[in-house]
Amino acid sequence: MLSITTLRCNRADTPLAVGPEPPRFSWRLASETRGITQARYRVAVATRPELLGPTGAGPDVWDSGEVASTAQSQGYQGPALTSRAVLYWRVDVVSGSGESARSAVARCEVGLLQPADWEAAWVTLPRPTDRHDDFRPAPHLRRSFVLPEQPARARLHVTAAGVYESFVNGQRVGVDQLSPGWTDFARRVHYQTYDVTALLQAGENVIGAVLGDGWFSGRMGPGAQRDYYGTFPSLLAQLEVTGPDGIVTRIVSDETWRGSFGALLASDLMSGEVVDARRDLGRWLEPGYADEAWPAATRTEGPTGELLGQPCTPVRVVEERPALERHEVIPGTYIYDLGQNMVGRVRIRLAGAPGTIIRLRYGEMLNPDGSLYTENLRQARCTDTYICAGGRTETWEQRFTFHGFRYVELTGCGDPPAPADLVGVVLSSAVETTGEFDCSDPLLRQLQRNIVWGQRGNFLEIPTDCPQRDERLGWTGDIQTFVGTACFNADVEAFLGKWLVDLVDAQSPEGAFPDIAPLPPHQFRDFLAKGAPAWGDAGAIVPWALYRWYGDRDILQAMFEPAAAWVDYLEKANPDHLWTANRGNDFGDWLSLGATTPKEVVATAFYSWSARLVGLMAAELGRDDQAQAYGALADRVAAAFQAAYVDGDGRILGDTQTGYVLALRFGLLTEVQHQAAVRHLVAALAASDDHLSTGFVGVAHLLPALTDGGHLDLAYQLVCTDTFPSWGYSIRQGATTMWERWDGWTESTGFQDAAMNSFNHYAFGSVGEWLYAVVGGLRCHPEVAGWEHIVVEPRPGGGLTWAQCRYVSTRGPVSCHWERAGLELKVDIEIPPGSVADIVLPCPPGGRITEGGVAVEEVSLDGASGRFRIGSGRYQFLVADR
Ligand code: BGC
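This section reports on the structure supplied with the text. Predicted, not measured: the structure shown is a model, and the values here were computed from it.

1. A closer look at the sheet that holds strand E49 (residues 873–880)
Inference 1: Taken in spatial order, the seven strands line up as E34-E41-E42-E43-E49-E45-E46 in an open sheet, and their pairing is antiparallel. A strand with exactly one partner marks an edge of an open sheet, and here the two such strands are strand E34 (435–439) and strand E46 (854–855).
Inference 2: Pairing between E34 and strand E41 (residues 802–809): five bridges, direction antiparallel. For Glu 436, the partnering residue across the bridge sits in E41 and is Arg 806.

Okay, structure coming up:
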């Protein structure tokens, strides 16, 4: 039976602050029957759920009418949204075979769309300025109020310039961490909306919040400077309570709130936290607390950015991992090993006499003598300090900081906690896992784990380069390399969609995409704003990837003009079509080994690729003239590339792996040159003893270029080796995340230069896309976005006996499990309802492909593989050699 599941609005279950952009509704189909397609759908939106019920009067807001389409999402096109509106929606679907289904009713709520909707004022508690510079105590703000009755409904709209936690009657509101995160606060500030109805009561109630500096006024970037957007944190909170009689009461932040400083004496994302538990404020969040002596909160101007509802899942706690071991490295200094390089904070249970000072420091590695390796943290202090209240077991978990660490060093505690009492609390924005990859090779299994952990830790509010040192910035070059892998591993559509807004906020008036986004003011602005090859190109590459994975044209609508402006900026400065001028910081193939790929080769390759992608975007949007124009520009740049950098033998200037793979993957060569480039690539690898030398820019394309060029065996060899340099080498050294550098640590040289030696950088993890697409065999058809048309083509090799790959697409799970059994290959495949798939299985001459003992019909055999098409459903294929 056909049914409809996974009703989402803006990719969330029940968002409470949609708008001002029209929301987008999406759904999945479920059925045990094979070959389900969607012929048409109808979305209905109403102000009350009953209207949409079986006997209801029907939608009173908007009805899409019957839409003959296979799309499983629909943007709202009804009357203008009004603030606070509650919308109920459902979808009806008719399948290709005429079966119909009606969904349950889902809900979303419109946020506060007009500035006038905000009655709240920005408030804070001014910090003492006559103390040590790092004494930045956290304002604790509260307001008590009385409600005559238990409310029928209550929504809290809240945000901070800084980071905050909010509370109602002693209960933490929501589970989000480090909200509202990081945007260009001068352009936009995200607010969060929570349903707090159940937290309120008749009688006295208390609303409260604690503020930290966060990205607003805390330290970030090289040199751990601070105060980029302001010098102190402030709060904006508006509680809207509807009584049973429908009367709305608003409790808003203003000078009727009172404030105090408490135990949290300093909190900073990079420096860490200082807590003096002796100064704990007790039950200050509960009714009945005497706050008469607390000063009134002070109104402040607050950031100037537009207030907008949070567009994506905020940072959350995604896992907790207790320490595995504890060692006393020198008397009184204990190192806890959590067994996994992670990002977040710790929760620790400890006991000490009143005033005992306990200090935690964090590191990713240990020095040869067993002490904590902290040199690579540069100016990030990464130290948390706790002063015991004493007299009892105390539990301490940091609030407004995060560290990148596997090891925690503890000093100051005479009776150190057992490993089980020190728990790593893992934070991430990559909340919804969508990909699984596993196989018979333990090295590849660990590689996949390391890639996933690298993504978890660095997808924290924005896609960062690294989570530990004084950097933690949204480097554009890193994410353009990794985006394909990221999309497989987790649902990153809303997360990266939000980041693309940060990117456009930071685009220069001339069209340059910066090296990092958000691009904070002050010294970063000029230095990083000019646009560099393979970094600025993220503005074309990332939106195109999001469109390919999620199939939603809205991202192309939003990004077409900015991406086109980027390409226009390049064209204007480089009329001869070689990207020689305006290369900004010109990083080249960052952190490659051996021969350097000439930077002009990297630049011109990316120039052509960005122009190509902008042309493809235009085509998808029906902008035919621009599709033609940018496509032609991409061709002209490719022709200029050939003329300038490719010699008569098809050798590319520099003769490097990266030069060849970029030219091959970006379609820069003639057919003859293409064949030659594959040969030269293989020769370049042979010259490196069949080892890679690619840096951030080339690495993602290396194995795909070899695979497409007919050298699958060599691709497997590179990914399965553990000799230096390789992905496997770091794993042999015990890596649990991706390293920034191939030689971050080697047996012969020890640690690389600590000035740049992160052990948690995702760029080299961009090989993950190849694991999913080639080993696992899952990819989206090159001409149909959003996994509506799937290609399943597992390519066994490298001595693997089985691989299992699963990707939860927007249409539902796609999976492929293959296993060698003697001369047979067993392949289990799942295709979600609403999608079709082309299956390509290795099949030698004389081989047979069966399903449930019956020969598969209409297989086209080419001597090496058998190709056929299937509809949705689960299948078990058997390929027999004869
Ligand atoms: C970052 C990189 C970034 C690079 C620019 C580094 O410091 O950590 O990941 O892309 O600078 O080359």
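On we go.
2. Observations regarding the site of the ligand
Inference 1: Near the ligand, the surroundings consist of Asp 465, Arg 469, Glu 471, Trp 475, Asp 478, Trp 535, Phe 587, Trp 590, Phe 696, Glu 740 and His 761.
Inference 2: In the model, an oxygen atom of the ligand is placed 2.7 Å from a nitrogen or oxygen of the Glu 471 side chain.
Inference 3: Contacts to the ligand include Asp 478, whose side-chain N or O atom sits 2.5 Å from an oxygen atom.
Inference 4: In isolation the ligand has 310 Å² of accessible area, and contact with the protein removes 95% of it.
Inference 5: Looking at side-chain class alone, the shell around the ligand contains five nonpolar, one polar and five charged residues.

3. Here we look at the packing of aromatic side chains
Inference 1: Within the structure shown, the criterion is met by 45 aromatic pairs.
Inference 2: Relative to Tyr 762, the ring of Phe 459 has its centre 5.6 Å away and its plane inclined at 70°; by these criteria the two rings are edge-to-face. With a gap of 303 residues between them, Phe 459 in strand E35 (residues 459–460) and Tyr 762 in the loop between strand E38 (750–751) and helix H15 (768–775) connect regions that are remote in the sequence.
Inference 3: Take Tyr 762: its relative accessible area is 1%, and that puts it in the buried class.
Inference 4: On the numbers, 5.7 Å between centres and 85° between planes, the contact of Trp 727 with Trp 742 is edge-to-face. With a gap of 15 residues between them, Trp 727 in helix H14 (residues 727–732) and Trp 742 in the loop between H14 and strand E37 (745–746) connect regions that are remote in the sequence. In this pair, the class of Trp 727 matches that of Trp 742, namely buried.

4. A few points about the pattern of salt bridges
Inference 1: Tallied over the full model, the rule gives 65 salt bridges.
Inference 2: A salt bridge links Glu 240 to Arg 84, with the nearest nitrogen and oxygen atoms 2.6 Å apart. With Glu 240 in strand E17 (residues 234–242) and Arg 84 in the loop between strand E6 (73–75) and strand E7 (86–95), this pair connects stretches of sequence that are 156 residues apart.
Inference 3: With its nearest N and O atoms 3.4 Å apart, the salt bridge here joins Asp 92 to Arg 90. As far as the burial class goes, Asp 92 and Arg 90 line up, both buried.

5. Considering the packing of helix H10 (residues 657–665) against helix H12 (residues 696–708)
Inference 1: The interhelical angle for the contact between H10 and H12, taken along N-to-C directions, is 65°, at an axis separation of 8 Å. As H10 packs across H12, the resulting crossing turns out to be left-handed. Taken together, the residues of H12 that come into contact with H10 (itself represented by Gln 657, Thr 658, Val 661, Leu 662, Leu 664 and Arg 665) are Val 697, Gly 698, His 701, Leu 702, Pro 704, Ala 705 and Asp 708.

6. Side note on helix H13 (residues 712–720)
Inference 1: Those residues of H13 that sit buried are Leu 712, Leu 714, Ala 715, Tyr 716, Leu 718 and Val 719.
Inference 2: Residues of H13 that are buried sit in contact with helix H2 (442–458), helix H11 (671–687), H12, H14 and H15.

7. Observations regarding the pairing of E41
Inference 1: Pairing of E41 with strand E42 (residues 812–821) involves eight bridges; the strand directions are antiparallel. Following the sheet pairing, Tyr 807 is matched in E42 by Val 814.
Inference 2: The hairpin formed by E41 and E42 contains two residues between the paired strands.

Criteria and cut-off values
Within every chain, residues take consecutive numbers counted from 1 along the sequence as written. It should be noted that, the model being predicted, local features are given only for residues of pLDDT at least 70 and side-chain atom pairs only at 80 or more, the latter also being counted only at that level, while totals for whole chains, interfaces and linings use all residues. Water and hydrogen atoms were dropped before computing side-chain values, which therefore reflect all heavy atoms in the structure. The pairing criterion is simple: DSSP has to find at least two bridges between the two strands. In this text, helices come from DSSP runs of H or I with a minimum length of four residues, and strands from runs of E with a minimum of two, each type numbered from the N-terminal end. Residues are labelled near a given molecule or strand when at least one of their non-hydrogen atoms is within 4 Å of it. N or O atoms within 3.5 Å of each other form a polar contact, as long as, within protein, one can give a hydrogen and the other can take it, and as long as residues adjacent in sequence are counted only when both atoms are side-chain atoms. Only the protein chains shown count as cover for residues, and the accessible areas themselves come from Shrake-Rupley with a 1.4 Å probe. Side-chain classes follow a simple rule in which Ala, Val, Leu, Ile, Met, Phe, Trp, Tyr, Cys and Pro form the nonpolar group, Asp, Glu, Lys and Arg form the charged group, and the remainder, Gly included, forms the polar group. Only centres within 6.5 Å qualify two rings of Phe, Tyr or Trp (six-membered ring in Trp) as a pair; their planes then separate them into stacked at under 30 degrees, edge-to-face at over 60, and tilted for everything else. Burial classification: accessible surface area is computed with a 1.4 Å probe over protein chains only, and a residue below 20% of its type maximum counts as buried, one above 50% as exposed, and the rest as partly exposed. Only one rule defines a salt bridge in this text: a Lys or Arg side-chain nitrogen within 4 Å of an Asp or Glu carboxyl oxygen. In this analysis, axes come from line fits to C-alpha atoms, helices being fitted only over the stretch in contact, and the angle between any two N-to-C directions falls in the range 0 to 180 degrees. Note: crossing handedness is left-handed where the near helix turns anticlockwise from the far helix by less than a right angle, and right-handed where it turns clockwise. Contacts between residues were defined by any pair of non-hydrogen atoms, one from each residue, lying within 4.5 Å.

None of the figures reported here should be taken as evidence of function without further support.
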